[in-house]
Amino acid sequence: CVGETSTLAEDDYGLPDILRKDRSRFAGRKTLVVGGGYSAATAIVALAQLAEESSETQIIWLTRARRDLPLARIPGDSLAGRDNLAETANQLAATDGGPVQWLPGKLVRSVSRREPGGQYVFGIESLSQQGGPLNGRPSSETIVVDSIIANVGYRPHRDLYQELQVHE
């Protein structure tokens, strides 16, 4: 998104050690988690545990998909831990008044900082069920947070050579 490379740091991506090493970065602060996969769900569950201990901790979970729940569970999942993670994260997202505010069908359009080292300001857009602008027109709103966890998928950018016959 606009401003991402100049605003976000390497620590803003991946999966931080929320309950131990990186605790001070999130405790008592407002954190935006962007992503709809298992890494984001892992961050959400850890942040919710932190919120139990530090009640000022606030969590916003933003996902692009517009579904009833953030994670689609795998029927008969042979990995019990993954299924438990999905169930817990979905419950946290669906609970009104809980530590997690889930915003489905959203796309980050821009990010900046109010001042160096200060709060992040995210410009987000609501998406339709088909993934385009809602009601045919872009709608925007702003979210201001203290920290970010960007779990947005880690795939190479292949646009440059997608039409070539390249074996990776």
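Below, the structure is looked at part by part. (Residues numbered from 1 in each chain as written. Predicted model: local features only at pLDDT ≥ 70, side-chain atom pairs only at ≥ 80, totals over all residues. Heavy atoms only, no water.)

Right, let's get into the sheet that holds strand β2 (residues 58–62). The strand order across the open sheet built from four strands is β3-β2-β1-β7, with neighbouring strands paired in parallel fashion. In this open sheet, the two strands that pair with only one neighbour each are β3 (100–103) and β7 (147–150). The sheet shows a mean angle of 20° between the axes of neighbouring strands, taken without regard to direction. Of the pairings in the sheet, the one linking strand β1 (residues 30–34) to β7 comprises four bridges and is parallel in character. Looking at the pairing, Leu32 lines up with Ile148 of β7. (Pairing = 2+ DSSP bridges. Helix = DSSP H or I, 4+ residues; strand = E, 2+ residues; numbered from the N terminus. Axes fitted to C-alpha atoms, helices over the stretch in contact; angles between N-to-C directions.)

Three or four residues apart is the spacing at which side chains of an α-helix point the same way, because the helix has 3.6 residues per turn. End to end, helix α3 (residues 38–53) covers 23 Å across 16 residues, agreeing with the expected 22 Å (1.5 Å per residue, within 8%). Burial in α3 covers these residues: Ala40, Ala41, Ala43, Ile44, Val45, Ala46, Leu47, Ala48, Leu50 and Ala51. For α3, the secondary structure elements touched by its buried residues are α2 (23–26), β1, β2, α4 (80–94), β3 and β7. (Expected span 1.5 Å × (residues − 1). Buried < 20%, exposed > 50% of the residue type's maximum accessible area, 1.4 Å probe, protein only. Contact = heavy atoms within 4.5 Å.)

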